[in-house]
Amino acid sequence: MLEKKEEISMSNGEAMKVAVLLAMYCFEKNEGNRIKNGLKNSKNASWRGLLGLPHKKYEKLIEKGAMGLWHCEGDDIIVDLYSVEMEARRHAKKEQASNAGRASAEARKEGASQRGANSTDVQRTFNNIEKNKNKNKNKEKMVGEGEGERESEAEQEEEAEREADEARLRESGIEEAYDSADEESARTARWNANMQALERANIGKR
């Protein structure tokens, strides 16, 4: 609009109205400032209605053109008021925004993938720790069972030794002395037996 300030100031109200509506049409289409078959379509009231110029008088005004605002080339309308350079910058910004969006999406995807990998590593480490704990428990259980078996075998051996000692005592003929209430009683019994034997020996000598 600033570049076309002089042309705008020299135009009348109707020409400016047509130029602005043609520029808005180009902006909506976003295909440059050339309206293909525009002059041919301008004869159609419905098409002019899409522009906002349904009245028949605008058919001739569009065909005539306005210096610096729009002109016709064959059946095409060239809208000079519409800035192709501005459209190109708009496309570039849109492309940049699209690229930035794709890069951001890829970064989020990569981050999610990395977090998933880290989570998998943590889970794997946790599983290994639990596995090692279970192994240690099983080892302790096996050791405990082995020690229990050894203790049981030792008890059996001690019991066998006791039974063997008792058998030897019975065979020696002095088990009655060891069956007394205590060791003192056993010594007393043996002393009395010896004294009786001595007395019988003395009587035999007389």
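Counting from 1, residues in each chain are numbered in the order their sequence is written. Where local features are concerned, this predicted model is filtered to residues with pLDDT of at least 70; where side-chain atom pairs are given and counted, the filter is 80 or more; whole-chain, interface and lining totals use all residues. Heavy atoms throughout the structure, all of them, feed into the side-chain values; hydrogens and water do not.

Colleague: Sorry if this is basic, but what is going on with the confidence of the model for the protein here?
Modeller: Any residue range with low pLDDT should be treated as having predicted coordinates unsuitable for detailed reading. For the protein, the average pLDDT comes to 79, and 73% of its residues sit at 70 or higher. In the predicted structure, residues 174-181 sits below a pLDDT of 50 and forms eight contacts with residues beyond four places in sequence or in another chain. Known as pLDDT, the predictor's confidence for each residue is given on a scale from 0 to 100. In this description, contact between two residues means that some pair of their heavy atoms is separated by no more than 4.5 Å.

Colleague: I tried to follow the pairing of strand S2 (residues 70-73) on my own but got confused; where do I start?
Modeller: For a regular strand, side-chain orientation follows a simple rule: the groups alternate between the two sheet faces. Strands pair, by our definition, only if DSSP identifies at least two bridges between them. Going along the chain from the N terminus, every DSSP run of H or I of four or more residues is numbered as a helix, and every run of E of two or more is numbered as a strand. Sheet topology note: the S2/strand S3 (residues 76-79) ladder contains four bridges and is antiparallel. Within the sheet, the bridge partner assigned to His71 lies in S3 and is Ile78. Where S2 hands over to S3, the hairpin turn is made up of two residues, of which Gly74 adopts a positive phi near 65°.

Colleague: Honestly, a negative patch on the surface in this entry has me stumped. Any pointers?
Modeller: Residues Glu153, Glu155, Glu157, Glu158 and Glu161 make up a contiguous surface patch of negative charge. Residue position: Glu161 is located in helix H6 (residues 84-172). Here a patch means residues that are over 30% exposed by relative accessible area and free of salt bridges, tied together within 9 Å if like-charged and within 5 Å if nonpolar (Val, Leu, Ile, Met, Phe, Trp, Tyr). Areas reported as accessible are Shrake-Rupley estimates using a 1.4 Å probe. Residue values count occlusion only from the protein chains shown. For this document, the term salt bridge refers to a Lys or Arg side-chain nitrogen within 4 Å of an Asp or Glu carboxyl oxygen. When charges are counted, neither His nor the chain ends are considered; positive counts come from Lys and Arg and negative counts from Asp and Glu. Throughout, a charge is located at the NZ atom of Lys, the CZ atom of Arg, the CG atom of Asp or the CD atom of Glu.

Colleague: Looking at this structure, I do not really get the pattern of salt bridges. What am I missing?
Modeller: One side chain can pair with another of opposite charge once the charged atoms of both are near each other. Applying the stated criterion across every chain yields a total of six salt bridges. Taking the shortest distance from any N to any O, the salt bridge between Asp76 and Arg34 comes out at 3.1 Å. Within this pair, whereas Asp76 is found in strand S3, its partner Arg34 is found in strand S1 (residues 34-35), the two being separated by 42 residues in sequence. Measuring nitrogen to oxygen at the nearest pair gives 3.9 Å for the salt bridge that ties Glu95 to Arg102. Each of the salt bridges in this network shares a partner with another, and the network as a whole consists of Arg34, Glu73 and Asp76.

Colleague: Just checking my understanding: could you explain the environment of Ile8 for this structure?
Modeller: By the element assignment, Ile8 lies in helix H1 (residues 5-10). In sequence terms Ile8 and Leu81 are 73 residues apart; their C-alpha atoms lie 9.1 Å from each other. Aside from chain neighbours lying at most four places away, what touches Ile8 is Met1, Met16, Leu69 and Leu81.

Colleague: Would you mind showing me how to read the packing of helix H2 (residues 13-29) against helix H5 (residues 57-64) here?
Modeller: When two helices pack together, their arrangement is given by the angle between the helix axes and the distance between those axes. With axes taken as lines fitted to C-alpha atoms, and helix axes fitted only over the stretch in contact, angles between N-to-C directions fall between 0 and 180 degrees. The N-to-C vectors of H2 and H5 enclose an angle of 80°; their axes lie 11 Å apart at closest approach. Here H2 lies roughly perpendicular to H5, going by the angle between them. Contacts between H2 and H5 involve Glu14, Ala15, Lys17 and Val18 on the former and, on the latter, Lys57, Tyr58, Leu61 and Ile62. Comment on the angle field: the value is read as roughly parallel under 35 degrees, roughly antiparallel over 145, roughly perpendicular from 65 to 115, and oblique elsewhere.

Colleague: Honestly, the nonpolar core in this entry has me stumped. Any pointers?
Modeller: As a rule of thumb, soluble globular proteins bury nonpolar side chains together. Nonpolar cores were defined as sets of buried Ala, Val, Leu, Ile, Met, Phe, Trp, Tyr and Cys residues, with membership established by side-chain atoms within 4.5 Å. Three labels apply to residues, based on accessible area from a 1.4 Å probe with only protein chains included: buried if under 20% of the type maximum, exposed if over 50%, partly exposed otherwise in between. Formed by 22 residues in total, the largest nonpolar core has its most connected members in Leu22, Ile35, Trp70 and Val79. Those elements that provide at least two residues to this core are H2, helix H4 (45-51), H5 and S3. Take this core: its biggest share by element is nine residues, from H2. Beyond its immediate chain neighbours, meaning those up to four positions away, Val79 contacts Ala19, Leu22, Ala23, Cys26, Asn33, Ile35, Leu69 and Trp70.

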